[in-house]
Amino acid sequence: MTEEQLFRGIPKVDEILKHEAWRKLTAMYSEGMAKDILRDYLDEIRTSIKENRINSIPTLAEIIENTRKYVIETTSSRLKRVINGTGVIIHTNLGRSLLAKSAIEAIVNAASHFTNLEYDLQKGVRGERYNHCISILKRLTNAEDALVVNNNAGAVFLVLNTLAEGKEAVISRGELIEIGGSFRIPDVMKKSGAILKEVGTTNRTYKDDYEHAICEATGLIMKVHTSNYRIKGFVHETTSEELIALGKTYNLPTFYDAGSGLLFPLNGMGVRGEPCIAFELKKDWDIVSFSGDKLLGAPQAGIIVGKKSYINAMKKNPITRALRPDKFTLAALESTLILYLDEETARGEIPTLRMIHESQDVLKKRSQSIAKALRGLSTKLTVTHTSMFSEVGGGSLPDISIPSYGIAVLPHEIGLEIFEERLRHLDIPVIGRIEKGRLFIDMRTILKDDEPILISGIINAIQE
Ligand SMILES: *Cc1c(COP(=O)(O)O)cnc(C)c1O
């Protein structure tokens, strides 16, 4: 067909609007919006003709049907619930930590009602939005004072900007890390106005290296937990105690960016090497900062704990206002912290901790029953339960794998890549990983309540 014939084949808008299917569509959705979307679609057809990308025009019914699909796409949320079968517990791409039930209720409460966010109910005067979280943070970490900002990147920025703007912050070369998502310690330091004073080498930094670097211009001694990588072999790290002693000798503040925030050790799980906040403060760091949504299992937040005078200086920094968390974050954080008052409750109620602690036995039983259910529902797949390894993720504990259990699925009639793609396109997508010629689903990150959705999702993707 010639270009002209194609252009003439495009149905007139008037005709489309008179069609029965169009009336059905606009009975359910706003006509103005549907018309806008229709016009965009017709424009796209015209462009495709000009660029020689099509040589036939969709029928009138097809045009309305496609418009209907675009309308549904436009009006439905793109942020979707997914089933995490990757076994990575704090999965940055899948939203990091899930919240405990009480934290979710706190968010709903803060969203549905007025609250005393910045109102002192005792005195009947204006209050501080941070106060609700602060007393419990102090109790849990034995800190003199605390402050909460949007995330730990913001916390690091605020500490550096407040304590070391225009001054040198001394840090080991081995700790100039990138966390991912373009958060690089040297870049954040630069933006904060602190001058990076790197000392030592990638693998070995001694107390003397720090001491030689300290001069008039020094404003801060800093340590960063190298969350997402470990160096092994010929290494020497200056201890926290040595750095804190240097701070005292030279009257300089000391700051530790701990990354993940553990409030009690996860010993016995093979999970080692993550700093425990109270323990670090006890060593007498002036300031420690950590994330809310990593091992703490709370909402995204940056938590700063430490000496009152420094925290006060940060509260007065005007940039704090730009980093301040919203009421949902504060409500959920406070509720999560309350669970930490009892270790057993925290381990049982906070999904991140519960997933880390879930026993391999329990996971094996769940895997067996899911494999059995799938075999009963379809003959178009081979499914077995199998041992595998989970990861904590979120840039913590890079060298630790937790023995786990899950299922391995092999579809008979479609390729593994197609199967994996179909799982991603389900109404509730299922994300697994391809390994050894099978699709692996790790039960450690599957919520018990999501098991029926996982089963029907796999069956739909197989049968489609
Ligand atoms: C994760 C991490 C950050 C950034 O924390 P966010 O809460 O993701 O902003 C900063 N420092 C370290 C050491 C980290 O592990």
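Here is what the cut-offs are and how they apply
- In this convention, every chain numbers its residues from 1, walking through the sequence in written order.
- With the structure being a predicted model, the display of local features is reserved for residues of pLDDT at least 70 and the display and counting of side-chain atom pairs for 80 or more, all residues being used for whole-chain, interface and lining totals.
- Side-chain measures were taken over the full set of non-hydrogen atoms in the model, leaving aside hydrogen atoms and water.
- A helix here means a DSSP run of H or I that spans at least four residues, while a strand means a run of E at least two residues long, and both kinds are numbered starting from the N terminus.
- Interaxial angles span 0 to 180 degrees and are taken between N-to-C directions of axes, which are lines fitted to C-alpha atoms, for helices over the stretch in contact.
- These descriptions rest on fixed angle ranges, namely under 35 degrees for roughly parallel, over 145 for roughly antiparallel, 65 to 115 for roughly perpendicular, and the rest for oblique.
- Working rule for handedness: look at the near helix, and if it is turned counterclockwise from the far one by less than a right angle, call the crossing left-handed; if clockwise, right-handed.
- When checking whether two residues touch, look at their non-hydrogen atoms; a contact exists if any pair is within 4.5 Å.
- Salt bridges are identified by distance alone: a Lys or Arg side-chain nitrogen within 4 Å of an Asp or Glu carboxyl oxygen.
- In this scheme, a residue with accessible area under 20% of its type's maximum is buried, one over 50% is exposed, and one in between is partly exposed, where area comes from a 1.4 Å probe on protein chains only.
- One heavy atom within 4 Å of a molecule or strand makes the whole residue count as near it.
- Identification of polar contacts relies on pairs of N or O atoms within 3.5 Å, with a donor-acceptor requirement for protein atoms, meaning one able to donate a hydrogen and the other able to accept it, and with residues adjacent in sequence counted only if both atoms are side-chain atoms.
- Residue exposure ignores everything except the shown protein chains as possible cover, and the areas themselves are Shrake-Rupley values with a 1.4 Å probe.
- Classes in brief: Ala, Val, Leu, Ile, Met, Phe, Trp, Tyr, Cys and Pro nonpolar; Asp, Glu, Lys and Arg charged; the others, Gly included, polar.
- An automatic or database domain assignment provides the domain bounds reported here.
- Note on terminology: a nonpolar core comprises buried Ala, Val, Leu, Ile, Met, Phe, Trp, Tyr and Cys residues joined through side-chain atoms within 4.5 Å.
- Any two of the Phe, Tyr and Trp rings considered here, Trp counted by its six-membered ring, make a pair once their centres fall within 6.5 Å; the pair's planes then place it as stacked at under 30 degrees, edge-to-face at over 60, or tilted in between.
- Put simply, a charge is over a ring when the Lys NZ or the Arg CZ is close to the ring centre, within 6 Å, and near the line of the ring normal, within 35 degrees.

Draft legend 1. A look at unusual backbone geometry. In this model, arginine 96 sits at a positive phi of 50°, which is unusual for a non-glycine residue. Structurally, the position occupied by arginine 96 is in the loop between strand 2 (88-90) and helix 6 (101-112).

Draft legend 2. Structural detail: the packing of helix 4 (residues 31-50) against helix 5 (residues 60-75). Close contact between helix 4 and helix 5 brings their axes to 9 Å; oriented N to C, the two are set at 120°. One element, helix 4, and the other, helix 5, form an angle in the oblique class. As helix 4 packs across helix 5, the resulting crossing turns out to be right-handed. Between helix 4 and helix 5, the contacting residues are Met33, Ala34, Ile37, Leu38, Tyr41, Leu42, Glu44 and Ile45 on the first element and Ile63, Asn66, Thr67, Tyr70, Val71, Thr74 and Thr75 on the second.

Draft legend 3. View of the pattern of salt bridges. In this structure the tally under the stated criterion is 29 salt bridges. The residue lysine 307 makes a salt bridge to aspartate 286 at a minimum N-O spacing of 3.0 Å. With lysine 307 in the loop between strand 13 (302-306) and helix 13 (308-316) and aspartate 286 in the loop between helix 12 (277-282) and strand 12 (287-291), this residue pair connects regions lying 21 residues apart in the sequence. Like lysine 307, the residue aspartate 286 is buried in the burial classification. The structure contains a network of salt bridges with shared partners spanning Glu118, Arg126, Arg129 and Arg324.

Draft legend 4. The arrangement of the site of the ligand in detail. Around the ligand sit 13 residues, and of these Ala153, Ser227, Asp257, Ser291 and Lys294 come closest. Within the side chain of aspartate 257, an N or O atom sits 2.6 Å from a nitrogen atom of the ligand. Between the ligand and lysine 294, the relevant distance is 2.7 Å, taken from an oxygen atom to a side-chain nitrogen or oxygen of the residue. Here the ligand, which alone exposes 380 Å², has 95% of that area covered by the protein. Looking at the shell around the ligand, the elements that each hand over two or more residues are helix 8 (152-164) and strand 11 (254-259). Looking at the shell around the ligand, its residues break down into four nonpolar, six polar and three charged.

Draft legend 5. Main features of the domain arrangement of the protein chain. If you check the domain split of the protein chain, you get domain 1 (3-75), domain 2 (83-91 + 355-463) and domain 3 (101-349). Taking only C-alpha atoms, the centre of domain 1 and the centre of domain 2 are 40 Å apart.

Draft legend 6. Main features of the environment of phenylalanine 264. You can see phenylalanine 264 is positioned in the loop between strand 11 and helix 12. Between the C-alpha atom of phenylalanine 264 and that of lysine 436, which follows or precedes it by 172 residues, the distance is 37 Å. With residues near it in sequence (within four places) discarded, phenylalanine 264 still touches Cys276, Tyr340, Glu343, Ala346, Arg347 and Leu353.

Draft legend 7. Layout of the nonpolar core. In terms of nonpolar packing, the biggest core is built from 80 residues, with Met222, Leu296, Ile304, Val305 and Tyr340 touching the most fellow members. For this core, the element with the most residues is helix 8, which contributes seven residues. Structurally, this core is a two-domain feature, drawing no fewer than three residues from each of domain 2 (83-91 + 355-463) and domain 3 (101-349). The contact partners of valine 305, leaving out residues within four places of it in the chain, are Thr141, Ala143, Asp145, Ala146, Ile277, Leu281, Asp286, Ile287, Val288, Phe290 and Ile311.

Draft legend 8. Here's a closer look at the packing of aromatic side chains. Taken as a whole, this structure holds three aromatic pairs when the rule is applied. Judged by centre distance (5.3 Å) and plane angle (75°), the ring pair of tyrosine 41 and tyrosine 70 falls under edge-to-face. Taken as a pair, tyrosine 41 in helix 4 and tyrosine 70 in helix 5 lie far apart in primary sequence, 29 residues in all. By relative accessible area, tyrosine 41 is classed as buried at 6%. Consider the rings of phenylalanine 264 and tyrosine 340, whose centres lie 5.6 Å apart with planes at 55°: the pair is tilted. Separated by 76 residues along the polypeptide, phenylalanine 264 in the loop between strand 11 and helix 12 and tyrosine 340 in the loop between helix 15 (327-339) and helix 16 (343-349) bring together distant segments of the chain. According to the relative accessible area criterion, phenylalanine 264 is buried, its value standing at 7%. Judged by relative accessible area, tyrosine 340 falls into the buried class, the value being 6%. Just above the ring of phenylalanine 234 sits the side chain of arginine 204; from NZ or CZ to the centre is 3.7 Å.

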